[in-house]
Amino acid sequence: MEISPMRFKNRTWSYNPQKIKILSQKEVVENIVPSADNVTHNLGRNARVITGEGSIFGEDCFREFYSMWSVFQDNTTGVLSIPEFAVMNAYFTSLSVIGEATDNLIQYAFTFTEVIDTSKEKSPKTVHIALEDESLWDIGYKYDISVEKLLELNREIKHPFDVYEGMEVSIC
């Protein structure tokens, strides 16, 4: 099975990172009640934190890294697509070079932090008109629909990135 490349905003990774860690935690507190049983409350899920490491290699590795750096420097949120794992709105919160870069190899580490949007509403629409550089990962995030479900609804689409501007994508 071919795994899609990782993507944030309009930047697609040439090579998926070798390591990815997705940390998802719930906020649980315990209230001590004198002369009674303690009461435990689940306050809900915290924002996921995604960390990882990867390598960029080849003659254009510095160009690739600077492309990643320019996306990092943009301080706005964007859709982060981690193939086979998650699609979420996130901030690109850290980017660093690991060790010493060589002429044809840069090893890097990154962190993304999810933005939890509690105001997301389900849309009554049945079709989405694709925008420029949009993928099924982006569309799925907008409507809270899995990429697998979108592929099932749109059998003519064979790969999550096989979407073009103006294409009608069924969402239910």
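Scroll up to find the structure.
Nothing here was measured: the structure is a model prediction, and the numbers come from that model. The numbering scheme is per chain: residues are counted from 1 as the chain's sequence reads. Given that the model is predicted, a residue must reach a pLDDT of at least 70 before its local features are reported, and side-chain atom pairs must reach 80 or more before they are shown or counted; all residues, however, enter totals for whole chains, interfaces and linings. Only heavy atoms go into the side-chain values, all of them from the structure, while hydrogens and water stay out.

Observations concerning the pairing of strand β7 (residues 78-82)
Right, on to step 1. Relative accessible area decides the class of each residue, using a 1.4 Å probe on protein chains only: under 20% of the type maximum gives buried, over 50% gives exposed, and in between gives partly exposed. Here a helix means four or more residues in a row that DSSP labels H or I, a strand means two or more in a row labelled E, and each is numbered from the N terminus. Taking burial as the measure, the five residues of β7 include five buried ones, the bulk of the element.
Right, on to step 2. Pairing between strands is defined by DSSP: at least two bridges between the two strands are required. Pairing of strand β1 (residues 7-8) with β7, which is carried by two bridges, proceeds in the antiparallel orientation. Residue pairing across strands places R7 opposite S81, the latter belonging to β7.
Right, on to step 3. With five bridges connecting them, β7 and strand β8 (residues 86-102) associate as antiparallel partners. Residue G78 lies in a different strand from β8, and its bridge partner there is A90.
Right, on to step 4. In this antiparallel pair of consecutive strands, β7 and β8, the connection spans three residues, and E84 shows a positive phi of 70 degrees.

Remarks on empty space enclosed by the protein
Right, on to step 1. The distinction between a cavity and a pocket rests on a 1 Å grid over the protein atoms alone: a 1.4 Å probe fits inside a cavity but cannot get out, while a pocket stays open yet meets protein on both sides within 12 Å along at least five of seven lines, and a residue with an atom within 4 Å of a point counts as lining. Grid points are joined across faces, edges and corners, and a volume is the space filled by probe spheres set on the points. Counted under the stated rule, the structure contains one cavity of 30 Å³ or more.
Right, on to step 2. Forming the walls of the largest cavity are R11, W13, S14, Y15, I56, E64, M68 and Y108.
Right, on to step 3. Of the residues assigned to the lining of the largest cavity, the class counts are five nonpolar, one polar and two charged. Under the convention adopted here, Pro, Cys and the residues Ala, Val, Leu, Ile, Met, Phe, Trp and Tyr are nonpolar, Asp, Glu, Lys and Arg are charged, and Gly plus all remaining residues are polar.

Description of the sheet that holds strand β3 (residues 19-23)
What holds strands together in a sheet is hydrogen bonding between their backbones, with the strands either parallel or antiparallel.
Right, on to step 1. Within the open sheet, the seven strands sit side by side as β2-β1-β7-β8-β9-β6-β3. Their pairing is antiparallel. Here the strands that pair on one side only, and so sit at the sheet edges, are β2 (11-12) and β3.
Right, on to step 2. Pairing between β1 and β2: two bridges, direction antiparallel. What sits directly across from F8, in β2, is R11.
Right, on to step 3. By definition, residues are in contact when any of their heavy atoms lie within 4.5 Å. For every element, the axis is a line fit to its C-alpha atoms; helices are fit only across the contacting stretch, and the angle between N-to-C directions ranges from 0 to 180 degrees. Against the sheet, helix α1 (residues 61-73) makes contact with β1, β2, β6 (49-57), β8 and β9 (105-114), and its axis sits at roughly 140 degrees relative to β8, the strand it touches most.

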